[in-house]
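These are the residues of each chain, in order.
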Amino acid sequence: MTGMFELFIDEDTSFRFRLKGPDGTVVAVSKSFRDKRAAVCGISDVREYAGMGLITDLCPEVPLRGPAPTPPAPVVRQTSPSAMPPLPAPPRHHSPLPPRDRTRPWHNPALVDHPAPV
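Summary of the structure given here. All values derive from a computational prediction rather than experimental measurement. Here the residue index of a chain counts from 1 through its sequence in written order. Local features in this predicted model are restricted to residues of pLDDT 70 or higher, and side-chain atom pairs are both shown and tallied only at a pLDDT of 80 or more, whereas totals for entire chains, interfaces and linings draw on every residue. By convention in this description, side-chain values take in all heavy atoms of the structure and omit both hydrogens and water.

Overview of the packing of aromatic side chains
Here is the rule: rings of Phe, Tyr and Trp (six-membered ring for Trp) pair when centre to centre is within 6.5 Å. Planes less than 30 degrees apart are stacked, more than 60 are edge-to-face, and the remainder are tilted. Under the defined criterion, the tally for this structure stands at two aromatic pairs. Here the aromatic rings of F5 and F17 are separated by 5.8 Å at their centres, their planes lie at 65°, and the arrangement is edge-to-face. Taken together, the residues F5 in strand β1 (residues 4-9) and F17 in strand β2 (residues 15-20) connect sequence positions 12 residues apart. Here F17 and F33 contribute two aromatic rings whose centre-to-centre distance is 6.0 Å and whose plane-to-plane angle is 20°, an arrangement assigned as stacked. Within this pair, whereas F17 is found in strand β2, its partner F33 is found in the loop between β3 (26-29) and α1 (36-50), the two being separated by 16 residues in sequence. Think of it in three bands: residues with accessible area under 20% of the maximum for their type are buried, residues over 50% are exposed, and the middle band is partly exposed, with areas taken using a 1.4 Å probe on protein chains only. Among the residues examined, F17 registers a relative accessible area of 6% and is labelled buried. Residue class for F33 comes out buried when judged on its relative accessible area of 13%. Grouped by ring-pair contacts, the aromatic residues F5, F17 and F33 constitute a single cluster. Directly above the ring of F8 sits R18, whose terminal nitrogen or CZ lies 3.9 Å from the centroid. The helix count covers DSSP runs of H or I at least four residues long, the strand count covers runs of E at least two residues long, and both are numbered beginning at the N terminus. Criterion for a charge above a ring: Lys NZ or Arg CZ within 6 Å of the ring centre, and within 35 degrees of the ring normal.

Written out as C-alpha cells, the structure is:
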C-alpha cells in the first residue's frame, strides 16, 4: 500500500498538503502555498524528487545509547620474574597553532570563486 497526499487549508487560509503513510501517520507537511494550483504543483514536485533524493546528514555525531563501554584492559602475563610489562606509549605533544592575524578581515573578495567565462 502507498502513502496518500491530503490537500488542506491551514489556519492562515493558505493551501498546504500533508503526506500520510499507509497506517495514517503524518510523514511530512508542506510549506504554505498561495493557491490550490501551486499546492498541487508542490505535490507533483515531491512525487518527482522524493524517489531519487539524496540524504544530507546535518546532525552532530551523538551516541545512540550513551557512551560506548570501555574495553577491559589487556592482561599482561609474565613468563618469568625478569620479564617486564610493556611500557605505556609516551604522551603526544602537539605543536600549538600559529597566532591568527586579526588585523585583516577573514573574507577576501579577491579569493571568491567566480564562474568561468564561457
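Quick word on unusual backbone geometry
Across residues other than glycine, the phi torsion is negative in most instances, and most of the peptide bonds are trans. Positive phi is not limited to glycine here, since T13 has a value of about 55°. Tracing the sequence through the fold places T13 in the loop between β1 and β2.

These figures capture arrangement, not role.
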